[in-house]
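# An overview of the molecular structure
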Amino acid sequence: MKRMWRVLGVRLIGVLVGTLVVSCNEDVIEGELILLVDNKETTAYSPCWTSDGSKIFFVSAEDIHPPDNPGRVWFVNLADGMQEQISQEEVWRIDISPAGDLCVTYLDGWILLLDTETWTQLDSLPVPEEFKEDWRNDFYAPRFSYESDQIIYYLYHLYSDSSYLHKVNLADSTDELILAAERGSVFAPGPGDTLFALRDTIYNLNSQERIPIDIPDDLIEFIYWNPIVPTELVISTGPHEDIFIFDIQTQKANRIDTRSTEASWVGYARFSPDGERIVFATLDAGGSWVVSRIWLFEPLD
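So, here is what we can say about the structure in this document. (Residues numbered from 1 in each chain as written. Predicted model: local features only at pLDDT ≥ 70, side-chain atom pairs only at ≥ 80, totals over all residues. Heavy atoms only, no water.)

## A word on the overall build of the protein
Note the following rule: By definition, any uninterrupted DSSP run of H or I lasting at least four residues is a helix, any uninterrupted run of E lasting at least two residues is a strand, and each is numbered from the N terminus. For the exposure calls, accessible area comes from a 1.4 Å probe over protein chains only, and a residue counts as buried if that area is under 20% of its type's maximum, exposed if over 50%, partly exposed in between. Only heavy atoms enter the contact rule, under which two residues are in contact if any of them lie within 4.5 Å. Residue burial considers only the protein chains on display, and all accessible areas are found by Shrake-Rupley using a 1.4 Å probe.
Within the protein, the secondary structure is distributed over one helix and 28 strands. Taken over 301 residues, the protein has a buried fraction of 54%. A separation of at least 24 residues holds for 45% of the contacts in the protein among residues at least 6 apart in sequence. A total of about 13,700 Å² of accessible surface is found on the protein, and carbon and sulfur atoms cover 48% of it.

As C-alpha coordinates, then:
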(Lines give C-alpha, C1' and ligand atoms only; values in the text may rest on other atoms or scores of the structure.)
Protein backbone atom coordinates (compact mmCIF):
# COMPACT_ATOMS: atom_id res chain seq x y z
CA MET A 1 0.00 0.00 0.00
CA LYS A 2 1.43 3.34 -0.98
CA ARG A 3 2.21 5.60 1.93
CA MET A 4 0.26 8.85 2.18
CA TRP A 5 1.34 11.34 4.83
CA ARG A 6 -1.71 13.26 6.06
CA VAL A 7 -0.79 16.70 7.37
CA LEU A 8 -2.73 19.30 9.26
CA GLY A 9 -2.41 22.88 8.12
CA VAL A 10 -1.18 24.03 11.50
CA ARG A 11 1.23 26.90 11.59
CA LEU A 12 3.30 26.90 14.74
CA ILE A 13 4.20 30.14 16.44
CA GLY A 14 6.44 30.08 19.47
CA VAL A 15 9.63 28.69 20.86
CA LEU A 16 10.86 25.11 21.25
CA VAL A 17 12.94 25.04 24.42
CA GLY A 18 14.49 28.39 23.64
CA THR A 19 14.99 27.62 19.95
CA LEU A 20 13.14 29.31 17.12
CA VAL A 21 10.45 27.30 15.37
CA VAL A 22 11.82 25.29 12.46
CA SER A 23 9.64 26.84 9.80
CA CYS A 24 6.62 29.09 9.68
CA ASN A 25 5.17 26.65 7.13
CA GLU A 26 5.62 23.57 9.31
CA ASP A 27 2.73 21.10 9.18
CA VAL A 28 1.90 18.34 11.64
CA ILE A 29 1.72 14.75 10.38
CA GLU A 30 -1.05 12.67 11.93
CA GLY A 31 -0.92 8.94 12.51
CA GLU A 32 -1.35 6.05 14.91
CA LEU A 33 1.19 5.47 17.69
CA ILE A 34 1.69 1.88 18.84
CA LEU A 35 3.76 1.05 21.93
CA LEU A 36 5.95 -1.95 21.05
CA VAL A 37 8.36 -2.17 24.00
CA ASP A 38 7.81 -0.87 27.51
CA ASN A 39 10.72 -1.95 29.68
CA LYS A 40 10.69 -1.25 33.39
CA GLU A 41 14.12 -2.19 34.74
CA THR A 42 16.19 -2.16 31.55
CA THR A 43 16.79 0.14 28.60
CA ALA A 44 15.42 -0.26 25.09
CA TYR A 45 17.25 1.80 22.49
CA SER A 46 18.75 1.80 18.98
CA PRO A 47 15.76 0.18 17.19
CA CYS A 48 16.52 -1.19 13.70
CA TRP A 49 14.19 -2.88 11.22
CA THR A 50 14.72 -6.30 9.76
CA SER A 51 14.97 -6.15 5.94
CA ASP A 52 11.43 -7.54 5.50
CA GLY A 53 9.94 -5.08 8.01
CA SER A 54 8.43 -7.82 10.16
CA LYS A 55 10.59 -7.34 13.26
CA ILE A 56 12.56 -4.63 15.00
CA PHE A 57 15.90 -5.26 16.66
CA PHE A 58 16.83 -3.19 19.70
CA VAL A 59 19.49 -3.09 22.42
CA SER A 60 18.57 -3.64 26.05
CA ALA A 61 20.94 -3.02 28.96
CA GLU A 62 20.50 -3.54 32.68
CA ASP A 63 23.01 -0.79 33.43
CA ILE A 64 20.88 2.28 32.78
CA HIS A 65 23.39 5.06 33.52
CA PRO A 66 23.96 6.41 30.90
CA PRO A 67 20.90 5.16 28.99
CA ASP A 68 22.80 3.68 26.04
CA ASN A 69 25.36 1.53 27.81
CA PRO A 70 26.27 -1.70 25.99
CA GLY A 71 23.57 -4.35 26.12
CA ARG A 72 22.25 -7.43 24.37
CA VAL A 73 20.22 -7.47 21.17
CA TRP A 74 16.52 -8.32 21.31
CA PHE A 75 13.76 -8.26 18.73
CA VAL A 76 10.07 -7.48 18.86
CA ASN A 77 7.80 -9.22 16.34
CA LEU A 78 5.32 -6.74 14.89
CA ALA A 79 2.72 -9.43 14.13
CA ASP A 80 2.19 -10.58 17.71
CA GLY A 81 4.33 -8.28 19.89
CA MET A 82 6.53 -11.16 21.05
CA GLN A 83 9.97 -10.15 22.36
CA GLU A 84 13.05 -12.34 22.45
CA GLN A 85 16.72 -11.93 23.31
CA ILE A 86 18.86 -13.02 20.37
CA SER A 87 22.46 -12.15 21.30
CA GLN A 88 24.65 -13.18 24.21
CA GLU A 89 27.46 -10.71 23.61
CA GLU A 90 26.97 -7.07 24.48
CA VAL A 91 26.98 -4.40 21.82
CA TRP A 92 26.46 -0.65 21.62
CA ARG A 93 24.21 1.17 19.15
CA ILE A 94 23.51 -1.01 16.12
CA ASP A 95 22.89 -0.52 12.42
CA ILE A 96 21.58 -3.17 10.05
CA SER A 97 22.72 -3.59 6.43
CA PRO A 98 20.27 -2.90 3.56
CA ALA A 99 19.84 -6.64 2.92
CA GLY A 100 19.51 -7.34 6.63
CA ASP A 101 22.29 -9.91 6.85
CA LEU A 102 24.84 -7.85 8.75
CA CYS A 103 24.97 -5.68 11.84
CA VAL A 104 27.64 -3.10 12.58
CA THR A 105 28.36 -1.73 16.05
CA TYR A 106 31.17 -0.23 18.09
CA LEU A 107 32.68 -1.35 21.39
CA ASP A 108 35.92 -0.63 23.27
CA GLY A 109 37.85 0.85 20.36
CA TRP A 110 36.69 -1.65 17.74
CA ILE A 111 34.10 -1.60 14.99
CA LEU A 112 32.40 -5.00 15.02
CA LEU A 113 30.62 -6.76 12.16
CA LEU A 114 28.02 -9.35 13.20
CA ASP A 115 25.89 -11.94 11.42
CA THR A 116 22.22 -11.21 12.15
CA GLU A 117 21.22 -14.86 11.83
CA THR A 118 23.61 -16.19 14.45
CA TRP A 119 24.67 -12.91 16.10
CA THR A 120 28.26 -14.04 15.96
CA GLN A 121 31.18 -11.79 15.13
CA LEU A 122 32.40 -11.93 11.52
CA ASP A 123 35.05 -9.23 11.59
CA SER A 124 36.52 -6.43 13.67
CA LEU A 125 38.19 -3.19 12.64
CA PRO A 126 40.27 -0.92 14.90
CA VAL A 127 39.41 2.76 15.01
CA PRO A 128 42.23 5.20 14.08
CA GLU A 129 45.00 5.59 16.64
CA GLU A 130 44.73 9.36 16.51
CA PHE A 131 41.23 9.07 17.94
CA LYS A 132 42.53 7.11 20.94
CA GLU A 133 45.22 9.64 21.85
CA ASP A 134 42.97 11.89 23.94
CA TRP A 135 40.05 10.80 26.11
CA ARG A 136 38.23 13.99 25.11
CA ASN A 137 37.93 12.76 21.52
CA ASP A 138 34.54 11.34 20.56
CA PHE A 139 33.60 8.36 18.35
CA TYR A 140 30.12 7.97 16.87
CA ALA A 141 28.23 4.83 15.98
CA PRO A 142 29.13 3.38 12.54
CA ARG A 143 26.53 3.12 9.77
CA PHE A 144 26.07 1.01 6.66
CA SER A 145 26.02 2.55 3.22
CA TYR A 146 22.60 3.56 1.85
CA GLU A 147 23.46 1.43 -1.20
CA SER A 148 25.62 -1.54 -0.18
CA ASP A 149 26.22 -4.17 2.49
CA GLN A 150 29.94 -3.98 1.72
CA ILE A 151 30.45 -0.36 2.72
CA ILE A 152 30.33 1.13 6.21
CA TYR A 153 31.02 4.65 7.44
CA TYR A 154 32.19 5.95 10.77
CA LEU A 155 32.71 9.40 12.24
CA TYR A 156 34.94 10.69 15.01
CA HIS A 157 35.76 14.09 16.43
CA LEU A 158 39.17 15.16 17.69
CA TYR A 159 39.15 17.50 20.66
CA SER A 160 39.43 21.15 19.53
CA ASP A 161 39.45 20.03 15.90
CA SER A 162 37.20 18.85 13.10
CA SER A 163 35.07 15.75 12.65
CA TYR A 164 36.29 13.09 10.23
CA LEU A 165 34.07 10.82 8.17
CA HIS A 166 35.65 7.54 6.98
CA LYS A 167 34.56 4.99 4.41
CA VAL A 168 35.44 1.31 4.89
CA ASN A 169 35.16 -1.15 2.00
CA LEU A 170 34.63 -4.56 3.56
CA ALA A 171 35.46 -6.34 0.29
CA ASP A 172 39.07 -5.16 0.20
CA SER A 173 39.50 -3.84 3.79
CA THR A 174 40.36 -0.32 2.64
CA ASP A 175 39.71 2.62 4.94
CA GLU A 176 39.72 6.16 3.56
CA LEU A 177 38.92 9.61 4.87
CA ILE A 178 36.20 11.10 2.67
CA LEU A 179 35.14 14.24 4.52
CA ALA A 180 36.52 16.59 7.17
CA ALA A 181 34.09 19.17 8.49
CA GLU A 182 33.32 21.32 11.49
CA ARG A 183 32.55 19.45 14.65
CA GLY A 184 29.52 17.20 14.30
CA SER A 185 28.25 14.05 15.96
CA VAL A 186 25.22 13.27 13.80
CA PHE A 187 25.64 11.80 10.32
CA ALA A 188 23.75 9.70 7.79
CA PRO A 189 25.10 8.09 4.59
CA GLY A 190 22.76 8.87 1.72
CA PRO A 191 21.90 8.00 -1.87
CA GLY A 192 24.64 7.08 -4.30
CA ASP A 193 27.29 7.07 -1.57
CA THR A 194 27.76 10.70 -2.54
CA LEU A 195 25.24 12.52 -0.32
CA PHE A 196 26.00 12.66 3.40
CA ALA A 197 24.07 14.45 6.10
CA LEU A 198 26.39 15.83 8.77
CA ARG A 199 24.93 18.07 11.45
CA ASP A 200 22.66 20.57 9.69
CA THR A 201 24.23 20.20 6.23
CA ILE A 202 24.04 17.69 3.39
CA TYR A 203 27.33 17.33 1.52
CA ASN A 204 27.45 16.24 -2.11
CA LEU A 205 30.91 14.71 -2.54
CA ASN A 206 30.66 14.73 -6.34
CA SER A 207 29.65 18.34 -6.91
CA GLN A 208 31.00 19.76 -3.62
CA GLU A 209 27.56 21.32 -3.14
CA ARG A 210 26.33 21.92 0.39
CA ILE A 211 22.60 21.71 1.03
CA PRO A 212 21.38 23.24 4.31
CA ILE A 213 18.92 21.34 6.46
CA ASP A 214 16.44 23.98 7.55
CA ILE A 215 16.38 22.77 11.15
CA PRO A 216 18.57 24.34 13.86
CA ASP A 217 21.69 22.30 14.57
CA ASP A 218 20.86 21.89 18.26
CA LEU A 219 17.59 20.16 17.29
CA ILE A 220 19.29 17.44 15.24
CA GLU A 221 20.25 14.54 17.50
CA PHE A 222 19.52 11.56 15.21
CA ILE A 223 19.11 11.53 11.43
CA TYR A 224 18.30 8.73 8.96
CA TRP A 225 17.49 8.66 5.25
CA ASN A 226 14.29 7.23 3.82
CA PRO A 227 15.32 4.00 2.01
CA ILE A 228 12.59 4.51 -0.63
CA VAL A 229 12.37 8.30 -1.00
CA PRO A 230 15.95 9.57 -1.51
CA THR A 231 15.04 13.21 -0.87
CA GLU A 232 13.56 12.55 2.55
CA LEU A 233 15.16 12.32 6.00
CA VAL A 234 13.72 11.67 9.44
CA ILE A 235 15.21 13.71 12.27
CA SER A 236 14.62 13.19 15.99
CA THR A 237 15.53 15.86 18.48
CA GLY A 238 16.22 14.10 21.79
CA PRO A 239 15.25 16.38 24.69
CA HIS A 240 13.33 18.69 22.36
CA GLU A 241 10.78 15.84 22.04
CA ASP A 242 10.04 16.17 18.32
CA ILE A 243 10.42 14.12 15.14
CA PHE A 244 10.64 15.90 11.78
CA ILE A 245 10.39 14.69 8.20
CA PHE A 246 12.63 16.92 6.12
CA ASP A 247 12.48 17.05 2.31
CA ILE A 248 15.62 18.21 0.47
CA GLN A 249 13.78 19.42 -2.61
CA THR A 250 11.14 21.52 -0.88
CA GLN A 251 13.43 22.46 2.06
CA LYS A 252 10.42 21.88 4.28
CA ALA A 253 10.21 20.09 7.61
CA ASN A 254 6.94 18.56 8.83
CA ARG A 255 6.56 17.47 12.43
CA ILE A 256 5.19 14.09 13.51
CA ASP A 257 2.69 14.37 16.33
CA THR A 258 4.13 12.27 19.19
CA ARG A 259 2.55 14.17 22.08
CA SER A 260 0.44 11.22 23.23
CA THR A 261 3.63 9.34 24.19
CA GLU A 262 4.14 11.89 26.99
CA ALA A 263 7.87 11.43 26.47
CA SER A 264 10.50 13.90 27.62
CA TRP A 265 13.09 12.61 25.11
CA VAL A 266 12.63 11.21 21.59
CA GLY A 267 15.38 9.56 19.56
CA TYR A 268 16.54 6.91 17.08
CA ALA A 269 13.64 7.59 14.70
CA ARG A 270 14.07 5.71 11.42
CA PHE A 271 11.96 4.67 8.44
CA SER A 272 10.80 1.12 7.77
CA PRO A 273 12.31 -0.64 4.71
CA ASP A 274 9.25 0.31 2.64
CA GLY A 275 9.50 3.94 3.76
CA GLU A 276 5.96 3.95 5.17
CA ARG A 277 6.35 3.68 8.96
CA ILE A 278 8.72 5.06 11.56
CA VAL A 279 10.10 3.45 14.70
CA PHE A 280 11.55 5.51 17.54
CA ALA A 281 12.55 5.28 21.19
CA THR A 282 11.54 7.50 24.11
CA LEU A 283 12.45 8.24 27.68
CA ASP A 284 9.65 7.47 30.10
CA ALA A 285 9.60 10.62 32.23
CA GLY A 286 6.85 9.26 34.44
CA GLY A 287 8.62 6.03 35.34
CA SER A 288 12.23 4.94 35.19
CA TRP A 289 13.70 8.09 33.57
CA VAL A 290 15.63 6.01 31.06
CA VAL A 291 15.21 5.32 27.35
CA SER A 292 13.03 2.25 27.78
CA ARG A 293 10.11 2.53 25.34
CA ILE A 294 9.96 1.82 21.62
CA TRP A 295 7.09 3.09 19.48
CA LEU A 296 5.78 2.55 15.98
CA PHE A 297 4.28 5.46 14.05
CA GLU A 298 1.91 4.62 11.21
CA PRO A 299 0.74 7.66 9.18
CA LEU A 300 -2.92 7.95 8.33
CA ASP A 301 -3.87 6.56 4.89
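Now that the structure has been shown, the text picks up again.
## Describing the environment of Ala 141
Looking at where Ala 141 falls in the secondary structure, it is placed in strand E14 (residues 138–144). Owing to a relative accessible area of 14%, Ala 141 belongs among the buried residues under this scheme. In this structure, the C-alpha to C-alpha distance between Ala 141 and Ile 111, residues 30 residues apart in sequence, is 8.8 Å. Other than its neighbours up to four places away in sequence, Ala 141 contacts Trp 92, Arg 93 and Phe 187.

## Notes on the environment of Ile 211
The topology assignment puts Ile 211 in strand E21 (residues 210–212). Beyond its immediate stretch of four places on either side in the chain, Ile 211 contacts Asp 200, Thr 201, Ile 202, Ile 248 and Gln 251.

## Looking at the sheet that holds strand E26 (residues 266–271)
Selection criterion: Only strands joined by at least two bridges in the DSSP assignment are considered to pair. In this analysis an axis means a line fitted to C-alpha atoms, helices contributing only their contacting stretch, and an angle means the value between N-to-C directions, from 0 to 180 degrees.
Taken in spatial order, the four strands line up as E5-E28-E27-E26 in an open sheet, and their pairing is antiparallel. Only two strands of the sheet have a single neighbouring strand rather than two, namely strand E5 (31–38) and E26. The mean inter-strand angle of the sheet, taken between neighbouring strand axes irrespective of direction, is 25°. Bridging between E5 and strand E28 (residues 291–299) involves seven bridges; their strand directions are antiparallel. Bridged to Leu 35 within E28 is Trp 295.

## Some words on the pairing of strand E8 (residues 72–77)
In terms of strand pairing, strand E7 (residues 55–60) meets E8 through six bridges, oriented antiparallel. In the strand pairing of E8, Val 59 is matched with Val 73. Two strands pair when backbone bridges link them, and E8 and strand E9 (residues 83–85) are joined in this way by three bridges, in the antiparallel orientation. Bridging from a neighbouring strand, Trp 74 pairs with Gln 85 of E9. Counted between consecutive antiparallel strands, the loop separating E8 from E9 contains five residues, among which Gly 81 sits at a positive phi close to 80°.

## So, the environment of Ser 264
Looking at the element boundaries, Ser 264 is found in the loop between strand E25 (252–256) and E26. The class for Ser 264 is partly exposed, based on a relative accessible area of 22%. Considering only alpha carbons, one finds Ser 264 and Leu 283, 19 residues apart in sequence, at a separation of 6.0 Å.

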